[in-house]
Amino acid sequence: MIEIVSPGPLCTVQDSGRVGLAHIGVARSGAVDRRAYELANRLVGNPVGAAAFEITFGGAVFAVRVACLVAIAGAACPTIVSSGGVTVSPFDLGDQRPVAVPAGSLIAFAAPSDGLRTYLAVRGGLSTTVELGSRSMDMLSGLGGQPLRSGDTIAIGPDPSSTIPTEAAPRSPASTNPIQLWPGPRQQWFERSSVDDLVTSPYVMLPTSNRIGARLSGCPLSRSVATELPSEGMIEGAVQVPADGQPLIFLADHPTTGGYPVIAVVDDADIGRIGQLRPGDAVTFQWARRSVV
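S.K.: Go over the pattern of salt bridges, please, and point to the residues and values.
M.R.: The final tally for this structure, using the stated rule, is ten salt bridges. When the shortest N-O distance is used, the salt bridge between arginine 34 and aspartate 268 registers 3.5 Å. Here arginine 34 is found in helix H1 (residues 34-43), whereas its partner aspartate 268 is found in the loop between strand E22 (262-266) and helix H3 (271-275), with 234 residues between them in sequence. Its relative accessible area of 15% is what places arginine 34 among the buried residues. Taking the shortest distance from any N to any O, the salt bridge between arginine 192 and aspartate 196 comes out at 3.5 Å. Taken together, the positions of arginine 192 and aspartate 196, both in helix H2 (residues 192-200) and four residues apart, correspond to about one turn of that helix. Its relative accessible area of 46% is what places arginine 192 among the partly exposed residues. The exposure class assigned to aspartate 196 is partly exposed, which follows from its relative accessible area of 33%. Put simply, Glu54, Arg117, Arg211 and Asp253 are held in one network by salt bridges that share partners.

S.K.: Residues and numbers for the sheet that holds strand E10 (residues 105-109), please.
M.R.: Taking strand neighbours across the sheet as the criterion, the seven strands line up as E7-E6-E10-E4-E1-E13-E12 in an open arrangement whose pairing is antiparallel. The strands lining the two open edges of the sheet, one partner per strand, are strand E7 (86-90) and strand E12 (126-127). The pairing of strand E4 (residues 60-64) with E10 spans four bridges and is classified as antiparallel. Bridging from a neighbouring strand, alanine 63 pairs with leucine 106 of E10.

Analysis parameters
- Residues numbered from 1 in each chain as written.
- Predicted model: local features only at pLDDT ≥ 70, side-chain atom pairs only at ≥ 80, totals over all residues.
- Heavy atoms only, no water.
- Salt bridge = Lys/Arg side-chain N within 4 Å of Asp/Glu carboxyl O.
- Helix = DSSP H or I, 4+ residues; strand = E, 2+ residues; numbered from the N terminus.
- Buried < 20%, exposed > 50% of the residue type's maximum accessible area, 1.4 Å probe, protein only.
- Pairing = 2+ DSSP bridges.

Put into structure tokens, the structure is as follows:
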């Protein structure tokens, strides 16, 4: 078992999500930064889809009751494993590798120097209740329970009997390249100047952002069509524009329908980068090379 001593600002259990259920109103949910989540699992030899902890802005502390193998990926938090007040093993922020944690240890995360979401994978995965094929907590629907609280305990699943990687994964610096966009289904509903503004003006991440969506502030996007839009299907990465003209990018726990027009869609490879932006971070966009706008 692993006990949550402190969840930090937000800590949830996430896996690869609920795939293929949007037609009944269920979003995928799962890890916001899927690449980081998958890397953490690979480092401990877990199978695809194993559940892990998603830690938002560090601050989490876990008490490990049994010896286990763990790995972290995503936002680089200074992390210490201690036992009886003595440091057993600090995590190397330069390389990502599995770390053996003795029974009775504490794993403590400080705030990350950059990025927002960190993934803690345990060999065997986290064994929580499966709802609609996933252990993921969905903040919008309530599936998968509530955010973790101090005193909660999470069971570790059985050892997968797979090979444990011996090589570390070098940590890559955060990309500063513009986020890649594809034209959205309602791009023609916007003034041409606003379509241009989206990819020529910087935007800033707002503190009201969460797992449902990233709210941005910057150059307002003006519509050329004033007609009300009936609700239509929404996907992760959709750049929806509410009445105030400020873009909202849907993330893992997004609603499956929406009534505001979608001007663009974030390339799937860059959604995790959006999920790592913290309040106050600036972001720029550009059209994907194969886009026709």
